[in-house]
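Secondary and tertiary structure notes
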Amino acid sequence: MADLRTNFAGIKSPNPFWLASGPPTDKAYNVERAFEAGWGGVVWKTVGEQVVNVSSRYGANAYNGTRVAGFTNIELISDRPVEVNLEEIRAVKKRWPDRAVVVSLMVPCEETAWKNILPAVEDTGCDGIELNFGCPHGMSERGMGAAVGQVPEYVTMVTEWAKAYSDMPVIVKLTPNVNDVLYPARAAVDGKTDAVSLINTVASVIGVDLDTMSPLPEVNGKGSHGGYCGPAVKPIALRMIGDIAREFGSGLPISGIGGIATWRDAAEHIAMGSGTVQVCTAAMHQGFKIVEDMADGLSNWMDSKGYRTIDDFRGQAIENYVRWENLDMNYEIVARIDQDACIKCGLCHIACEDTAHQAITARSNGERRYEVVDKECVGCNLCMLVCPVENCITMERVDNGKPYVSWIDDPRNPANQQAAE
Amino acid sequence: MVKLRFAQRDPMAEQSDIAAGRLDKAAYEQGFSSDAKVPLDQRRALIEASRCYFCYDAPCVEACPTSIDIPSFIRKISTHNIRGAALDILEPNIFGGACARVCPVEELCEEACVRDAQETKPVAIGLLQRFATDRFFETGEQPFTRAAPSGKRIAVVGAGPAGLSCAHRLARLGHEVVVYDARDKAGGLNEYGIAAYKVVGDFAQKEVDFILAIGGITLETGKALGKDLSLDDLRRDFDAVFLAMGQAGVRAVGAGGEDLTGVEPAVDFIARLRQAPDLAALPVGRRIVVIGGGNTAIDAAIQSKRLGAEDVTLVYRRGPDEMGATDHEQEFAQTEGVKIKHWAKPVRFVGDNGVLSGVEFEYTQLAGGKLEGTGDTFVVPADMALTAVGQVLVEDPVKDGAKETLNISGGRIVIGEQGHTSLKGVYAGGDCVEGNDLTVQAVEDGKVTARAIDDDLRG
């Protein structure tokens, strides 16, 4: 049995699965249900200035019959009074001492506001705080959330206040709505943060109602941009987490957020450097019970790989996460089609024919026969990706006898040709 | 739950038991007015549509006699483009609604579906086709328009799928068409010959109305070739003639006692049932024997069971693989409680005082590839025997007294690739020509021939 316990910047939890700050962690009732279901921790829905929420609040993309492939919300932070939240946090932490209870905070960008609220939060006995610098909608227009996260100087400043007015571990939650996430990450480190979490939601309009011509979700005929999340954003999260992990190594704990619905998603986040993972959309889609398989599946997979602890594989993909110019320019693969497994859908052919390299035949002797024309195949993977049959199309290494060469050293690089002249 | 209402009966009594009203009213409703295949609702249609891979050079299209672009119409369902989906179907196949219901999809498009190869569960193409056409018909739109008048007039004999498909295409191409049919209603087998639970409600007539609504088609029912019309007259009065009268004759079983009361061709039984205003008033035997192995035999067997027959035995002279009915149809019959007996051929119809009491069969076997009787016989008691050993072209009306003789071979009108017969200006298609006798093939015949007629007339 693998050991799933985590110690994240001093915050301990029995497993790395936390519920992210959001509707599932808005009050004690939900959080207690989550802990009963087995979640290792929660980040309590953001506490701060009193707000009012609208209806409706959510929108979702269905893709090819799959519901909630992407999700969006225009909900603000907790609309319940700060005192009520803090009292519930105190009671929940007392009842569940082994679980991580982190409180997400967002108050105006003024030192007094932070100075006032931090002692009250710390007094609840919670395990740490997460600074919500990421919310892209509603709060950012008021100079909070992403409006802070997008300005590195503000990130540093508020992080310093948080460290100055409390002894709790501080996690800075980063927004993906920036050109380069390393800038706010560095700013958080400059402010002496204990950890970062990412990604918050991606600023988005999830759709347009073609009858009412209102952007979605619709509030009495009007729509506003919201924050995108769910399975669709996992790739964006992995990239940003990877960028930070590559720069800071294990010196900066990362709580991974974005598109985590299964233990496999979690394992990928951890392999890219996350120490814990946070889930929201998947729980909102299918309830808290999903954590059972997340924990069980991760444990079984770790056992099969010989990983005893989360740290055994955390960040293992980072050394392989390189810049493009360091890829092997001499690596060569071609597609192989297993004719016995082929069901003759022709998708590999038409994808290659219409949009790639005309490297797959359609018919031979009047029969449907999809075969790779090796000399045209560039090894792009497209046919393998569109093939609906598992393992029918595989990519095979071509032994060209050439050694590794990076683009930097590749003689085909025009920069090298100029140098040779 | 269907409750059978049988009067107590003396098991020793030998008199025939043919009676009406064996069931509760609800049972007739359930048996004949609800679809055998439950139609898809919007949600199920979208899920099913999402299973289609949108194949390139899709095998299902190749398997469809009318070459409907199946991946295209399914994609359009998934994008909520129902009008586009329906037109993808109706453009190549004006009977797309009927074909969605009656096509043996498990031997055509769905058998070819790559999902069948992958996971033995093809995309439900037939049900999706029905979804698209049903939704479209609900709009009441007439999507087809007619070309400028050509001044040509064409006679079509037979208002079944072949005849109406041809007539519709000719009307679209700008010609004037007169469609004759011997029966009182148009629709052919869709109206008279197919099991009620496959085309519930008055779908067949609604479809005919939709087809005729294009204009330029005059329907003349109750006009039979050889009686009210002659081929010579039609050739004289019209620019072209399309023969699509199907196979109106039934093949005799060729066993003694076929004239006993209680013995009748299955097609007559089905036609009577399809036209019955009140099924509860339709008499049916307590014990039924159906002879034959095609879809007509299956349809007759199931419908007699659903009318309240207690024991229905279908007897076929060869094995299950040789039956004309698909595996799916055979299973459906068995699920409905029809007993299928293979390897036996009828020897004689047994009766008392001119009334059927049973059918005597002889076991059969293959000897050197040839079917032969074993000499052992058995009798299946029966109040009604429905014979379905094949239909034939009634040849006399197209031959008698004609100036030139139409080339007929093996009981079918001989045609070339595009419906040309041996007579100039005379074309033929559907069940009266050689082929697989499928509705969808008849529709294709009508369409292809209409184009040929148009080409020929425009020279």
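These numbers were taken from a predicted model, which means no experiment stands behind them. (Residues numbered from 1 in each chain as written. Chains lettered and ligands numbered in written order. Predicted model: local features only at pLDDT ≥ 70, side-chain atom pairs only at ≥ 80, totals over all residues. Heavy atoms only, no water.)

What follows deals with the overall build of chain B. A tally of regular secondary structure across chain B gives 18 helices and 19 strands. For 459 residues, the compact-globule estimate of 2.2 N^0.38 gives 23 Å, and the C-alpha radius of gyration of chain B, at 23 Å, lies within 12% of that figure. In chain B, buried positions account for 53% of the 459 residues. For chain B, contacts bridging at least 24 residues in sequence account for 70% of all contacts bridging at least 6. Accessible area of chain B: about 19,800 Å², with a carbon and sulfur share of 47%. (Helix = DSSP H or I, 4+ residues; strand = E, 2+ residues; numbered from the N terminus. Rg over C-alpha atoms; globule rule 2.2 N^0.38 Å. Buried < 20%, exposed > 50% of the residue type's maximum accessible area, 1.4 Å probe, protein only. Contact = heavy atoms within 4.5 Å. Areas by Shrake-Rupley, 256 points an atom, 1.4 Å probe, with all protein chains shown as cover.)

Moving on to a nonpolar patch on the surface. Together, A:Val205, A:Val208, A:Leu210 and A:Met213 line one region of the surface with nonpolar side chains, adding up to about 430 Å² of accessible area. Along the polypeptide, A:Leu210 turns up in the loop between β12 (207-209) and β13 (214-216). (Patch = residues over 30% accessible without salt bridge, like charges linked within 9 Å, V, L, I, M, F, W, Y side chains within 5 Å. Salt bridge = Lys/Arg side-chain N within 4 Å of Asp/Glu carboxyl O.)

Residues and elements named next belong to chain A. In terms of residue burial, strand β6 (residues 66-73) counts as a mostly covered element, since six of its eight residues are buried. Between strand β5 (residues 58-63) and β6, which pair antiparallel and follow one another directly, the connecting turn spans two residues, one of which, asparagine 64, has a positive phi of 50 degrees. Where β6 meets strand β16 (residues 226-229), three bridges bridge the pair, whose relative direction is antiparallel. If you follow phenylalanine 71 over to β16, its bridge partner there is cysteine 229. (Pairing = 2+ DSSP bridges.)

Residues and elements named next belong to chain A. Strand order in the closed barrel formed by eight strands is β3-β4-β7-β8-β9-β10-β17-β18, with parallel pairing between adjacent strands. Adjacent strand axes in the sheet meet at a mean angle of 25 degrees, parallel and antiparallel pairs treated alike. Where strand β17 (residues 254-257) lies against strand β18 (residues 274-279), four bridges are found, and the strand directions are parallel. If you follow isoleucine 254 over to β18, its bridge partner there is serine 274. Strands in contact with helix α2 (residues 82-95) are β4 (41-48) and β7 (100-106); relative to β4, the strand with the most contacts, it is inclined by about 160 degrees. Together, β3 (17-19), β17 and β18 form the strand contacts of helix α8 (residues 263-271), whose direction differs from that of β18 by roughly 145 degrees. (Axes fitted to C-alpha atoms, helices over the stretch in contact; angles between N-to-C directions.)

This paragraph deals with the domain arrangement of chain A. How big an interface is tends to be expressed through the accessible area that disappears when the partners come together. Split by domain assignment, chain A resolves into domain 1 (6-320) and domain 2 (325-420). Between domain 1 of chain A and domain 2 of chain A, the C-alpha centre-to-centre distance is 39 Å. (Domains from an automatic or database assignment.)

Take helix α12 (residues 203-212) of chain B next. Of all 10 residues in α12(B), eight are buried; the element is thus mostly enclosed. Buried within α12(B) we find B:Phe203, B:Ala204, B:Gln205, B:Glu207, B:Val208, B:Phe210, B:Ile211 and B:Leu212.

On to the interface of chain B and chain A, then. With 13 residues of chain B at the interface, the matching set in chain A holds 16 residues. When chain B packs against chain A, the two sides together hide about 1,200 Å² of surface, and 52% of this comes from carbon and sulfur. It is B:Tyr53, B:Tyr56 and B:Asp57 that lose the most area in chain B upon contact with chain A, and together they represent 45% of the buried surface on that side. For the interface between chain B and chain A, the tally reads four salt bridges. In this structure, A:Arg363 and B:Asp57 form a salt bridge, with 2.9 Å as the shortest nitrogen-oxygen distance. Summed over the shared surface of chain B and chain A, the number is six residue pairs in polar contact (both at pLDDT 80 or more). Of all elements in the fold, only α2 (42-50), α3 (59-63) and α8 (114-119) of chain B reach the threshold of two or more residues within the side of chain B that touches chain A. With three residues, the single largest contributor to the side of chain B that touches chain A is α8(B). When grouped by side-chain class, the residues that make up the side of chain B that touches chain A number eight nonpolar, two polar and three charged. (Buried area = accessible area lost by both parts, 1.4 Å probe. Polar contact = N/O pair within 3.5 Å; in protein donor to acceptor, adjacent residues only side chain to side chain. Nonpolar A, V, L, I, M, F, W, Y, C, P; charged D, E, K, R; others polar.)

This part is about the pairing of strand β10 (residues 311-315) of chain B. All names here are of chain B. For β10, the buried fraction is high: four of the five residues fall into the buried class. Here strand β9 (residues 287-291) pairs with β10 via five bridges, running parallel. Counted as the bridge partner of valine 289 is threonine 313 from β10. Regarding topology, helix α15 (residues 295-306) serves as the crossover connection from β9 to the parallel β10, and that connection is right-handed. Of the strand pairs in this sheet, β10 and strand β11 (residues 339-341) are connected by three bridges, and their pairing is parallel. Paired with threonine 313 across the strands is lysine 339, a residue of β11. Handedness of the crossover is the feature at issue here: the chain leaves β10, passes through helix α16 (residues 327-335), returns alongside β11, and the resulting connection is right-handed. (Right-handed = clockwise from strand over helix to strand, strands pointing away.)

Mapped onto the secondary structure, B:Glu264 falls in strand β7 (residues 263-265). One polar contact links B:Glu264 to B:Arg272, side chain to side chain, over a distance of 2.8 Å.

For the rest of this paragraph, the subject is the packing of aromatic side chains. Residue and element names in this part refer to chain A. According to the stated counting rule, one finds 15 aromatic pairs over all chains in the structure shown. Geometrically, the ring pair formed by phenylalanine 8 and tryptophan 18 is edge-to-face, given 5.6 Å between the ring centres and 80 degrees between the ring planes. With phenylalanine 8 in strand β1 (residues 6-8) and tryptophan 18 in strand β3, the pair connects residues that are 10 residues apart, well separated along the chain. Each member of the pair, phenylalanine 8 as well as tryptophan 18, is classed as buried. Ring geometry for tryptophan 301 versus tyrosine 307: centroids 5.5 Å apart, planes at 50 degrees, classification tilted. Classification of tryptophan 301 as partly exposed rests on a relative accessible area of 21%. Tyrosine 307 sits in the partly exposed class, given a relative accessible area of 22%. Feature note: the residues Trp263, Trp301, Tyr307 and Phe313 constitute an aromatic cluster, connected by ring pairs. (Phe/Tyr/Trp six-rings, centres within 6.5 Å; stacked < 30°, edge-to-face > 60°.)

The next subject is the environment of A:Asn7. With respect to the helices, strands and loops of the structure, A:Asn7 is situated in strand β1. A polar side-chain atom of A:Asn7 sits 3.0 Å from the main-chain amide nitrogen of A:Gly10.

Our next topic: the pattern of salt bridges. Residue and element names in this part refer to chain A. Taken as a whole and judged by the stated rule, the model has 59 salt bridges over all chains. In this structure, arginine 57 engages glutamate 75 in a salt bridge whose closest nitrogen and oxygen atoms are separated by 3.2 Å. Of the two residues, arginine 57 sits in the loop between β4 and β5 while glutamate 75 sits in the loop between β6 and α2, which places them 18 residues apart along the sequence. Classification of arginine 57 by relative accessible area gives partly exposed; the value is 27%. One salt bridge in this structure joins lysine 234 and aspartate 265, with 2.9 Å as the shortest N-O distance. Placement of lysine 234 in helix α7 (residues 234-248) and of aspartate 265 in helix α8 is noted, with a sequence separation of 31 residues between them. Of the two residues examined, lysine 234 and aspartate 265, each falls in the buried class.

The next subject is the packing of α15(B) against α16(B). To describe two helices that pack against each other, one gives the angle between their axes and the distance between the axes. All names here are of chain B. At a minimum axis separation of 10 Å, α15 and α16 run at an interaxial angle of 20 degrees. The angle between the axes of α15 and α16 places the two elements in the roughly parallel class. α16 is crossed by α15, and the crossing has left-handed handedness. Where α15 abuts α16, its residues Asn295, Ile298, Asp299, Ile302 and Arg306 lie against Glu329, Gln330, Phe332 and Ala333. (Parallel < 35°, antiparallel > 145°, perpendicular 65-115°, else oblique. Left-handed = near helix turned anticlockwise from the far one by under 90°.)

This paragraph deals with the domain arrangement of chain B. Residues and elements named next belong to chain B. Each domain of chain B was delimited in the assignment, giving domain 1 (42-139), domain 2 (153-248 + 394-458) and domain 3 (250-391). Computed from C-alpha coordinates alone, the two centres of domain 2 and domain 3 are separated by 30 Å. At the junction of the two partners, domain 2 supplies 16 residues and domain 3 supplies 13 residues. Between domain 2 and domain 3 the total buried area reaches about 1,200 Å² when both faces are included, carbon and sulfur atoms providing 42% of it. Looking at the side of domain 2 facing domain 3, the largest losses of area belong to Tyr192, Tyr197 and Gln247, adding up to 44% of the total buried there. Here domain 2 is connected to domain 3 by two salt bridges. For glutamate 329, the salt bridge goes to lysine 198, with nearest N and O atoms at 3.3 Å. The interface formed by domain 2 and domain 3 contains 11 residue pairs in polar contact (both at pLDDT 80 or more). The element contributing the most residues to the side of domain 2 that touches domain 3 is helix α11 (residues 189-192), with four residues.

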